[in-house]
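# Report on the structure
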Amino acid sequence: MLQLAEFQDCFRTSKRIVALVGAGLSAASGLPVFRGSQGMWKNFNMIDLATPDAFYIDPGLVWQFYLWRREKALAAKPNPGHQALANLSKNTAKQFVTITQNVDGLSARAGHDPRKLHEIHGSLFTLRCTSFSCTFVDHNNFTQPLTPALEAQNEYEDSLGTASPSISPSFSPTKELGVADLPKCPACLSLMRPGVVWFGESLPLRELDAIDLFMEAGRVDLILVIGTSGTVYPANSYVEMVRARGGAVAIFNTDIEPAVLDGAVERTWGFQGDAAETLPRILNQLVEQVEARSE
Ligand code: BJW
Ligand code: ZN
């Protein structure tokens, strides 16, 4: 209770707030997280597929993985956690931005103010040309399937009933698809790739610049760290940046270090549980209160 009361005080007095979001926020919408036993597709580790090397070696395999992710994201609905952040983004009493590592588009679909939403790892619904000399980018492409060959994969998935978690993913062999079966650039006919950021790749400069502007415009009083393992740079660096300048940290995660839960980490609070439940329970009323006060 003490943690909650301290957090509420901090939230009420905070002028500038950042939310750093990871896969755990979309877990209650039915989307898998990356790390741990849930982060599997067929018998592949999701992290191993989300790399430039995997795409270079077998673009057909990686495209099938992303087709599956697109389908899951399209079928999913934003949950009350996404909605709580969307509400906060519309609150005029706070300066606020969300930095999301998620590529599922659920924050945008929850109605988050797009000017305050930074998708730093790209989007499942963006396609980019792989040619170095071509700049073609296709935004908001929700077409499913993207090619006839990828459609055949869908039918196969459906007949296996992938909705059922009881079917072992390793029983479902992946089709071998060649470059000819995969999406092509309409401008230069080169292979297209998912518009997401893989390890070793740079993040979208426009988003990084906008975040830097927010970070430099004044002290960030509070960072909400929601459903992320905090293992990936540069996303994880924002937490230390805020803390180093005297800002407070509130963690919303199913798995939180005991020292944080015990209140032993300075100006750091932990709210353990599903972020789709804890975030709205803790934030919604506070956001309404600060809104009412500023009117
Ligand atoms: C719940 C919950 C519920 C569950 N409620 N909580 C050495 C060599 C090469 C590179 C590096 C290196 N050392 C450092 C680097 C840089 C590298 C990096 O950070 N590597 C580390 C892993 C070591 N970073 C990069 O390469 C980045 N680029 C870059 O830095 O460029 C400059 C540079 C280049 C070269 C060298 C050095 C610098 C790019 C990073 C791109 C990350 N891409 C991915 C895939 C995106 C596309 C896709 O979605 O397929 O992004 S990887 C994956 O991890 C994805 C995620 O956005 C990201 C973060 O994962 P997230 O969201 O935290 O998920 P999980 O699964 O880890 O955690 C879930 C959490 O939720 C857990 O804590 C659960 O407890 C919790 N949870 N259910 C609340 N219901
Ligand atoms: Zn092209």
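Details of the structure are given in the entry above.
Residues numbered from 1 in each chain as written. Chains lettered and ligands numbered in written order. Predicted model: local features only at pLDDT ≥ 70, side-chain atom pairs only at ≥ 80, totals over all residues. Heavy atoms only, no water.

## Some thoughts on the coordination of the zinc ion (ligand 2)
Ligation of the zinc ion (ligand 2) by protein atoms is provided by Cys129 (SG), Cys134 (SG), Cys185 (SG) and Cys188 (SG), these donors lying 2.2 to 2.3 Å from the ion. The site at the zinc ion (ligand 2) holds four donor atoms, and with the angles between them running 99 to 116°, its shape is tetrahedral. Within one chain, the residues serving as donors to the zinc ion (ligand 2) are arranged as C-x4-C-x50-C-x2-C. Accessibility expressed as a relative area gives 32% for Cys188, which makes it partly exposed. (Donors = N, O, S within 2.8 Å, 3.2 Å for Na, K, Ca; no water. Tetrahedral: all angles 85-135°; square planar, octahedral: opposite > 155°, others 65-115°. Buried < 20%, exposed > 50% of the residue type's maximum accessible area, 1.4 Å probe, protein only.)

## Side note on the pairing of strand β9 (residues 222–226)
Taking burial as the measure, the five residues of β9 include five buried ones, the bulk of the element. Judged by which residues are buried, β9 turns out to be covered on both faces: Leu222, Leu224 and Ile226 on one side and Ile223 and Val225 on the other are all buried. Looking at chain direction, β9 and strand β10 (residues 248–253) are connected through five bridges and run parallel. Note that in β10 the partner of Val225 across the bridge is Ile251. In terms of handedness, the path from β9 via helix α9 (residues 237–244) over to β10 forms a crossover that is right-handed. (Helix = DSSP H or I, 4+ residues; strand = E, 2+ residues; numbered from the N terminus. Pairing = 2+ DSSP bridges. Right-handed = clockwise from strand over helix to strand, strands pointing away.)

## A closer look at the pattern of salt bridges
Side-chain pairing between opposite charges can occur once the charged atoms of the two side chains come close. Applying the stated rule across the entire model yields seven salt bridges. A salt bridge links Asp221 to Arg219, with the nearest nitrogen and oxygen atoms 3.3 Å apart. On the basis of relative accessible area, Asp221 is assigned to the buried category, the value being 13%. Since its relative accessible area comes to 42%, Arg219 is described here as partly exposed. Of the charged contacts, one joins Arg281 and Glu277 as a salt bridge, the two residues approaching to 2.7 Å between their closest N and O atoms. Of the two residues, Arg281 and Glu277 are both situated in helix α11 (residues 275–294); the distance of four residues between them amounts to about one turn of the helix. (Salt bridge = Lys/Arg side-chain N within 4 Å of Asp/Glu carboxyl O.)

## Thoughts on the site of ligand 1
Surrounding ligand 1, one finds 32 residues, the nearest of these being Arg35, Tyr66, Gly200, Thr228 and Ser229. In isolation ligand 1 exposes 1,500 Å². Once the protein is present, 74% of that is buried. Residues that form the shell around ligand 1 fall into these classes: 15 nonpolar, 12 polar and five charged. (Near = heavy atom within 4 Å. Areas by Shrake-Rupley, 256 points an atom, 1.4 Å probe, with all protein chains shown as cover. Nonpolar A, V, L, I, M, F, W, Y, C, P; charged D, E, K, R; others polar.)

## Side note on the sheet that holds strand β4 (residues 95–100)
Strand order in the open sheet made by the six strands is β5-β4-β1-β9-β10-β11, with parallel pairing throughout. Unpaired on one side and paired on the other, β5 (117–119) and β11 (268–272) mark the two borders of the sheet. The mean angle between the axes of side-by-side strands here comes to 15°, regardless of whether they run parallel or antiparallel. (Axes fitted to C-alpha atoms, helices over the stretch in contact; angles between N-to-C directions.)

## Quick look at the pairing of strand β1 (residues 16–21)
Within β1, six of the six residues are buried, which leaves the element mostly enclosed by the surrounding structure. Burial along β1 is two-sided: Arg16, Val18 and Leu20 facing one way and Ile17, Ala19 and Val21 facing the other are all buried. Where β1 and β4 come together, six bridges link them in parallel fashion. If you follow Val21 over to β4, its bridge partner there is Thr100. Where β1 meets β9, five bridges bridge the pair, whose relative direction is parallel. Within β9, the residue paired with Leu20 across the bridge is Val225.

## Some remarks on the packing of aromatic side chains
According to the stated counting rule, one finds 13 aromatic pairs in the structure shown. Here the aromatic rings of Phe7 and Phe252 are separated by 6.2 Å at their centres, their planes lie at 80°, and the arrangement is edge-to-face. Highlighted residues: Phe7 in helix α1 (residues 2–13) and Phe252 in strand β10, separated in sequence by 245 residues. Side by side, Phe7 and Phe252 carry an identical accessibility label, which is buried. A network of ring pairs unites the aromatic residues Trp41, Phe44, Phe55, Phe65, Tyr66, Trp68 and Trp198 as a single cluster. For Arg16, the ring lying beneath its charged end belongs to Phe214, and the centroid distance is 4.1 Å. The ring of Phe11 is capped by Lys94, whose NZ or CZ atom sits 5.2 Å from the centre of that ring. (Phe/Tyr/Trp six-rings, centres within 6.5 Å; stacked < 30°, edge-to-face > 60°. Lys NZ or Arg CZ within 6 Å of the ring centre and 35° of its normal.)

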